[in-house]
Amino acid sequence: MKLTEVKSPLSLFLSICGLLTILMIATRGNHFSTFNSLPSASTAVFFLAGMYLRKVKDFWFFYVLSITIDLASSFHRGQFGDCLTASYPALAFSYAAMFAAGYYVRPNWSQQNLMTNIVKVSLALIIASSIAFFISNGSYYAFSGKFPDLSWAEYATRVNKYFFKSVSNPVFYVATGLVMHWCINRFFTEKTTAQLSS
C-alpha cells in the first residue's frame, strides 16, 4: 500500500512556522527576552519542525534563526566567548538529529491508535534528545578549549548534572504540541463526521 502525503495549506504552514519561531525567540538561552525563566525550546523546535514542516529548508531556517539569536544576544551582553567557540558548528548535527527524528515519527491519529503514536514519538524523542545532548555537550567539552584537563570522571559528573534537563525540556514542549495536535485533529474529525451525517 502506497502512502501519500497530504499537503498542508499555506496558512497552516505559516501558523506552525510562526509559533515555532516565537517559541525559539522567547526561550533560547539567557538573552534579552523577558521570558528568561522558561526552559529552552530550541531542540524541541527542531523536532517539531521535522514533524510538521518536514522540509530541509525549514531546518536551515531555524538553524540560521538560532545563530542569529545567539549572535544578537552575545552582542547585547557584550561578550562572544561563552557559547560561540570552535565547538559551535557541531550544534548543526545536534539539531539535525532532532529534525530527522521528528520527520520519521510524525503521528498519524487517524490510522494509528493513540498509544502507538505516543510510544513511537516518546521513544524517538528520548533517543534523539540523548544523541543531541551528547553531540552538543561532548563537542563543547572536547573542542571549546575551556576544559583541556577534563577527565572522564569529571565529564561523567557534568553529564549527570545536565542530561536530565536536556532531555526533559524537549519532552515538555513536544508533549504540549502533541496534545494540541490531537485535540485539533479530534475536533475537526468529529466536526467533519457530524457534517457528513447531517
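Being a predicted model, the structure only gives us computed values, none of them experimental.

1. Observations regarding the packing of aromatic side chains
- Enumeration over the complete set of coordinates arrives at 16 aromatic pairs.
- Between Phe59 and Phe99 the ring centres are 5.6 Å apart and the planes differ by 65°, which places this aromatic pair in the edge-to-face class. Here Phe99 lies in helix 4 (residues 91-104) and Phe59 lies in helix 3 (residues 56-77), a separation of 40 residues in the sequence.
- Residue Phe59 is classed as buried on the basis of its relative accessible area of 7%.
- A relative accessible area of 8% means that Phe99 is categorised as buried.
- Taken together through their ring pairs, the aromatic side chains of Phe46, Phe59, Trp60, Phe61, Phe62, Tyr63, Tyr95 and Phe99 make up a single cluster.
- It is Arg54 that lies over the ring of Tyr103; its NZ or CZ is 4.1 Å from the centre.

2. Here's the deal with the pattern of salt bridges
- Applying the stated criterion to the full structure yields 1 salt bridge.
- The residue Asp70 makes a salt bridge to Arg28 at a minimum N-O spacing of 2.8 Å. With Asp70 in helix 3 and Arg28 in the loop between helix 1 (10-27) and helix 2 (42-52), this residue pair connects regions lying 42 residues apart in the sequence. In this pair, the class of Asp70 matches that of Arg28, namely buried.

3. As for the packing of helix 1 against helix 2
- With their axes 9 Å apart at the nearest point, helix 1 and helix 2 run at an angle of 170° to one another. Between helix 1 and helix 2, the angle is such that the two are roughly antiparallel. Across the interface between the two elements, Ile16, Leu20, Leu23 and Met24 from helix 1 touch Ser42, Val45, Phe46, Leu48, Ala49 and Tyr52 from helix 2.
- A breakdown of the residues in the contact of helix 1 with helix 2 according to their chemical character gives 9 nonpolar, 1 polar and no charged.

4. Concerning the side chain of Ser87
- Topologically, Ser87 is positioned in the loop between helix 3 and helix 4.
- A relative accessible area of 5% places Ser87 in the buried class.
- With near-sequence residues (within four places) excluded, Ser87 lies in contact with Ser139, Tyr140, Phe143 and Ser144.

5. What about a nonpolar patch on the surface?
- A contiguous nonpolar patch, built from Leu114, Met115, Ile118, Val119, Leu123, Ile127 and Ile131 and spanning about 630 Å² of accessible area, is present on the exposed surface.
- Along the chain, the position of Leu123 falls in helix 5 (residues 114-143).
- What makes Leu123 exposed here is its relative accessible area of 52%.

6. Remarks on helix 3
- Given a rise of 1.5 Å per residue, 22 residues ought to cover 32 Å, and the 32 Å separating the end C-alpha atoms of helix 3 matches this to within 8%.
- Buried-residue contacts for helix 3 involve helix 1, helix 2 and helix 4.

7. A word on the packing of helix 4 against helix 5
- It is at 8 Å that the axes of helix 4 and helix 5 come closest, and there the two elements cross at 175°. Taken together, the axes of helix 4 and helix 5 are roughly antiparallel relative to one another. The residues of helix 5 that touch helix 4, namely those facing Leu91, Phe93, Ser94, Ala97, Met98 and Ala101, are Ala124, Leu125, Ala128, Ser129, Ile131, Ala132, Ile135 and Ser136.
- Looking at the contact of helix 4 with helix 5 residue by residue, the class counts come to 11 nonpolar, 3 polar and no charged.

Calculation criteria
Residues numbered from 1 in each chain as written. Predicted model: local features only at pLDDT ≥ 70, side-chain atom pairs only at ≥ 80, totals over all residues. Heavy atoms only, no water. Phe/Tyr/Trp six-rings, centres within 6.5 Å; stacked < 30°, edge-to-face > 60°. Helix = DSSP H or I, 4+ residues; strand = E, 2+ residues; numbered from the N terminus. Buried < 20%, exposed > 50% of the residue type's maximum accessible area, 1.4 Å probe, protein only. Lys NZ or Arg CZ within 6 Å of the ring centre and 35° of its normal. Salt bridge = Lys/Arg side-chain N within 4 Å of Asp/Glu carboxyl O. Axes fitted to C-alpha atoms, helices over the stretch in contact; angles between N-to-C directions. Parallel < 35°, antiparallel > 145°, perpendicular 65-115°, else oblique. Contact = heavy atoms within 4.5 Å. Nonpolar A, V, L, I, M, F, W, Y, C, P; charged D, E, K, R; others polar. Patch = residues over 30% accessible without salt bridge, like charges linked within 9 Å, V, L, I, M, F, W, Y side chains within 5 Å. Areas by Shrake-Rupley, 256 points an atom, 1.4 Å probe, with all protein chains shown as cover. Expected span 1.5 Å × (residues − 1).

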